[in-house]
Amino acid sequence: MKSFFWENLRIALAELWSHKTRSILTGTGIVIGIIAVSLMSTLINGVDGLFEDSMKFLGRGNLYVEKWPWFGDEDWWTLRNRPRIELDMADEIKERSQYAMVVAAERGRSANLSYKELSAENIYIHGVTANYPEVSTVDVEYGRFFTESEDRTGAQVVLLGSEVAKTLFPQGNPVDKMIFAGSKRFRVIGVLAEMGKFMGAFSNDTQVIIPLATFNKIFHGPWGRRSITVKVPEHLVDDAKEELRGVVRVLRGLKPGEKDNFAINQQNAFRQSYQGIKMAIGGTGMIITALSLLVGGIGIANIMFVSVKERTREIGVRKALGATRSQIQGQFLIEAMLITASGGLVGLIISTLISMGISKFLFPANMSFGVAFMAIALSAGVGLFAGLAPARKGAKLDPIEALRYE
Amino acid sequence: MSLIQVKDLYKIYQMGNTEVRALDGVSVSIEKNEYVSIMGPSGSGKSTLMNLIGCLDTPTSGEFFMDGIDVATMGDDELAHIRNKKIGFVFQTFNLLPKSTSLRNVELPLIYNGEIKAHERRDMAISALTRVNLGDRVSHKPNELSGGQRQRVAVARALVNNPAIILADEPTGNLDSKTGEEIMALFDELHKQGNTIILVTHEEHIAAHASRVVRLLDGKIAVDELTKRGKS
Ligand SMILES: Nc1ncnc2c1ncn2[C@@H]1O[C@H](COP(=O)(O)OP(=O)(O)O)[C@@H](O)[C@H]1O
Ligand SMILES: [Mg+2]
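Let me begin by describing the structure that accompanies this report. (Residues numbered from 1 in each chain as written. Chains lettered and ligands numbered in written order. Predicted model: local features only at pLDDT ≥ 70, side-chain atom pairs only at ≥ 80, totals over all residues. Heavy atoms only, no water.)

## Looking at the overall build of chain A
Within chain A, the secondary structure is distributed over 14 helices and 12 strands. The C-alpha radius of gyration computed for chain A amounts to 33 Å, which surpasses the reference 22 Å derived for 406 residues by more than 25%, pointing to a less compact arrangement than a globule. Once the C-alpha set of chain A is aligned to its principal axes, its extents read approximately 105 × 60 × 35 Å. Put simply, of all contacts in chain A between residues at least 6 apart along the chain, 76% involve residues at least 24 apart. For chain A, the exposed surface amounts to about 20600 Å²; the carbon and sulfur share of it is 61%. Between the mean site of the 46 positive side-chain charges and the mean site of the 40 negative ones, chain A shows a separation of 6 Å. (Helix = DSSP H or I, 4+ residues; strand = E, 2+ residues; numbered from the N terminus. Rg over C-alpha atoms; globule rule 2.2 N^0.38 Å. Contact = heavy atoms within 4.5 Å. Areas by Shrake-Rupley, 256 points an atom, 1.4 Å probe, with all protein chains shown as cover. Lys, Arg positive; Asp, Glu negative; His and termini not counted. Charge placed at Lys NZ, Arg CZ, Asp CG, Glu CD.)

Dropping the structure here:
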């Protein structure tokens, strides 16, 4: 029976070749459907990668005590009127929490920097405790981080993000140079390694880091972000979050029944909201794909019925010469599947090219082997489905009537 | 044992209220290496009988043995198998595949045989085409051949599988008389080489090539006799 596959493939190839335009038009629906499905999967994979990369900035075992929740639908005014986070809570939290391994505090706001005649505007000044490297992914490329005593004494030292370093020091080593932040002089003690962007948008490389005490000394006033990062064991993060909530409530003197006036944020919040967005995109993509494959499939079924009709006499001849029903059925099924599989292949090639373009100009989106395999299997499946009814019709023809057909 | 043994064969079509008795109790035996022509006026049941003997059709009732095998009760796939192995058809309208070369057309029965390798198929098809004097037309398509040449391709296709019987329904009906005689010479030759041939015709001079003639009338056998050639 194996030899029939090749024979039928040969017949199908010859047949499609002799109706080139018709074959191309028929396959176009499938091409579009496969482009939709493979591009959608590739994009989702790409965005997934981007997301996971971004999540690295927020350690899995990190809990962030902040005024504003990252997601949620609480009333803006209530949130706004919450008291600000007192960063000196950090020491108390460390003392009272069973789970806390590291407790770091940070503040931030933007300011303009300058070195000689060069300046960098709207740079995020990040005031952090000396243990900040333990709760984040910052990495010192050269120079060093500041010490605990520099933090305690409010030393005017600064580490530059890689972009900032490039702007202020286009050539030459920034370490030990003096720069200005506003009117204050800082000594550069290190440069941070390049970190990339968070969610493809906010660069981590346009910040500078100074000791928290120095920040407090220089920038008075209530503005800017304030956050206490509590690092806990990853697998206990849920228990730790509950405990932390209790600790902060006690420190803030909240009575039972009173609502929390702070938020404990974590990576999970991003994950959940990202999953939601992904499902929405994926769902829309599925509908588009399903529709275009359905329409493409109907087109193919239609053409196959025409093809069976046109070739009634041929079917009669083949049957008279000994072709069985299943051989005739196979012949038309393979023809239908050949149209859709070629359509799928073309669709795959086009979407590979498109995703290469996206990778080059937007974000990494590589066609995976799995997606390619799925696309081909799916298109062959559509062919099987669309070809079945016409193929059966052809296979069931009565040889005598088929031979008499004009 | 006869090659073909038909007993009380009926083929009845129900057309609304009237029934058409295409075959109305036919009994006939045909031996190996016989050369039989079936004659009769239009509508007398010649093609119906041919189709039954060729296993393209099943009877309403009656017995039909081929080589001792009961064919009357066979299913579709078994009949396809018998057609492939034992029958070679020649049609009035040639029935070649228009887009395929002579070679491909002649190869077809071998392809559906399923057990013959590609290069053997090719050799067998070329030798069949050579037997009908078309060894130099293997890669021509039907529309590049004359009517007589097309019918010779069809004859090559009928004999390539080395069938037990060659069935020809009005094989000269679409040919001029000279080409018709050429085709008949080919059948005479195949008969001489040991083939069994049954042909349908309504022309006496074509029927005269055979050694036996079966005359049908209204689905019944009216006459079954030897021809002049058969007697000699
Ligand atoms: N499929 C069919 N349905 C109904 N009647 C048929 C069918 N095939 C043949 N007949 C009838 O059976 C009779 C014999 O037909 P046929 O064998 O083709 O005659 P012949 O070949 O001798 O001209 C005719 O009356 C014809 O109309
Ligand atoms: Mg007839």
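## Quick notes on the site of ligand 1
By nearness alone, 13 residues border ligand 1, and Gly43, Gly45, Lys46, Ser47 and Thr48 of chain B come closest of all. Site remark: ligand 1 is flanked by residues from chains A and B. Measuring from an oxygen atom of ligand 1, one finds a backbone N or O atom of Gly43 of chain B at 2.7 Å. In this structure, Gly45 of chain B approaches ligand 1 through a main-chain N or O atom, which is 3.1 Å from an oxygen atom. Expressed as a share of its isolated accessible area of 560 Å², the protein-covered part of ligand 1 is 69%. Mapped by element, the contributors of at least two residues to the shell around ligand 1 are strand 1 (4–15), strand 2 (18–30) and helix 1 (46–53) of chain B. For the shell around ligand 1, the element with the highest residue contribution is helix 1 of chain B, accounting for 3 residues. A breakdown of the residues in the shell around ligand 1 according to their chemical character gives 5 nonpolar, 6 polar and 2 charged. (Near = heavy atom within 4 Å. Polar contact = N/O pair within 3.5 Å; in protein donor to acceptor, adjacent residues only side chain to side chain. Nonpolar A, V, L, I, M, F, W, Y, C, P; charged D, E, K, R; others polar.)

## Some details on a nonpolar patch on the surface
A cluster of nonpolar residues, Ile287, Leu291, Leu294 and Ile298 of chain A, forms a patch on the protein surface that exposes about 410 Å² of accessible area. As for its position among the elements, Leu291 of chain A is in helix 10 (residues 267–310). (Patch = residues over 30% accessible without salt bridge, like charges linked within 9 Å, V, L, I, M, F, W, Y side chains within 5 Å. Salt bridge = Lys/Arg side-chain N within 4 Å of Asp/Glu carboxyl O.)

## Side note on the sheet that holds strand 5 (residues 69–70) of chain B
Taken together, 4 strands build an open sheet; the order of strands is 2-1-4-5 (chain B) and the sheet is antiparallel. The sheet terminates laterally at strand 2 and strand 5 of chain B, the two strands that pair on one side only. (Pairing = 2+ DSSP bridges.)

## Focus on the pairing of strand 6 (residues 87–90) of chain B
Residues and elements named next belong to chain B. Side chains Ile87 and Phe89 of strand 6 all project onto a buried face; the interleaved residues Gly88 and Val90 project onto the opposite face, where all are buried too. Summarising the sheet, strand 6 and strand 7 (residues 165–169) pair through 4 bridges and their orientation is parallel. Residue pairing for strand 7: Phe89 is matched across the bridge by Leu167. (Buried < 20%, exposed > 50% of the residue type's maximum accessible area, 1.4 Å probe, protein only.)

## Quick word on unusual backbone geometry
Even without being a glycine, Lys116 of chain A presents a positive backbone phi close to 50°. Topologically, Lys116 of chain A is positioned in the loop between strand 2 (102–115) and strand 3 (118–128). Notably, Asp8 of chain B is not glycine yet its phi reads approximately 50°, a positive angle. Looking at the secondary structure, you find Asp8 of chain B in strand 1.

## Some words on the sheet that holds strand 9 (residues 212–217) of chain B
Backbone-to-backbone hydrogen bonds join strands into a sheet, with any given pair of strands oriented parallel or antiparallel. Residues and elements named next belong to chain B. Spatial ordering of the open sheet is given by 6-7-8-3-9-10, a layout of 6 strands whose pairing is mixed. Among the strands making up the open sheet, the edge pair consists of strand 6 and strand 10 (220–226). Adjacent strand axes in the sheet meet at a mean angle of 15°, parallel and antiparallel pairs treated alike. Bridge count for strand 3 (residues 35–39) against strand 8 (residues 196–200) is 4 bridges, and the pairing is parallel. Bridging from a neighbouring strand, Ile38 pairs with Val200 of strand 8. Along the sheet, helix 2 (residues 76–86) contacts strand 6 and strand 7; its crossing angle with strand 6, the most-contacted strand, is approximately 80°. Those strands touched by helix 5 (residues 147–159) are strand 6 and strand 7, and its axis lies near 170° from that of strand 6. (Axes fitted to C-alpha atoms, helices over the stretch in contact; angles between N-to-C directions.)

## A few points about the side chain of Ser44 of chain B
Residues and elements named next belong to chain B. Looking at the element boundaries, Ser44 is found in the loop between strand 3 and helix 1. A relative accessible area of 2% means that Ser44 is categorised as buried. Not counting residues up to four positions away in its chain, the partners in contact with Ser44 are Ala22, Leu216, Leu217, Asp218 and Gly219.

## Concerning the nonpolar core
One finds Ile4, Leu49, Phe64, Met66, Ile165, Leu167 and Ile198 of chain B to be the most contacted residues of the largest nonpolar core, which totals 71 residues. Looking at this core, the element that brings in the most residues is helix 12 (residues 325–361) of chain A, giving 8 residues. Those residues in contact with Leu49 of chain B that sit more than four places away from it in its chain are Leu9, Leu23, Val26, Ile38 and Leu216 of chain B. Ranked by size, the runner-up nonpolar core spans 33 residues in total, among them Leu103, Ile116, Leu134 and Ala156 of chain B. (Core = buried A, V, L, I, M, F, W, Y, C linked by side-chain atoms within 4.5 Å.)

## A word on the interface of chain A and chain B
Chain A puts 24 residues into the contact, and the matching count from chain B is 22 residues. When chain A packs against chain B, close to 2100 Å² is buried across both sides, 55% of that on carbon and sulfur atoms. Between the two partners, chain A and chain B, sit 4 salt bridges. Two residues, Arg325 of chain A and Asp76 of chain B, come together in a salt bridge whose shortest N-O distance is 2.8 Å. Linking chain A with chain B are 8 residue pairs in polar contact (both at pLDDT 80 or more), by the criterion used here. Secondary-structure elements contributing two or more residues to the side of chain A that touches chain B are helix 1 (2–18), helix 11 (312–320), helix 12 and helix 14 (399–404) of chain A. (Buried area = accessible area lost by both parts, 1.4 Å probe.)

## Some words on the pattern of salt bridges
Applying the stated criterion across every chain yields a total of 33 salt bridges over all chains. A salt bridge links Arg84 of chain A to Glu86 of chain A, with the shortest nitrogen-to-oxygen separation between them at 4.0 Å. A single network of salt bridges, built from pairs that share partners, joins Glu15, Arg311, Glu314, Arg318 and Glu335 of chain A together with Lys99 of chain B.

## Some points on helix 2 of chain B
Residues of helix 2 of chain B that are buried: Leu79, Ala80, Ile82, Arg83 and Asn84 of chain B. Where helix 2 of chain B is buried, its residues touch helix 11 of chain A together with strand 4 (61–66), strand 6 and helix 3 (102–113) of chain B.

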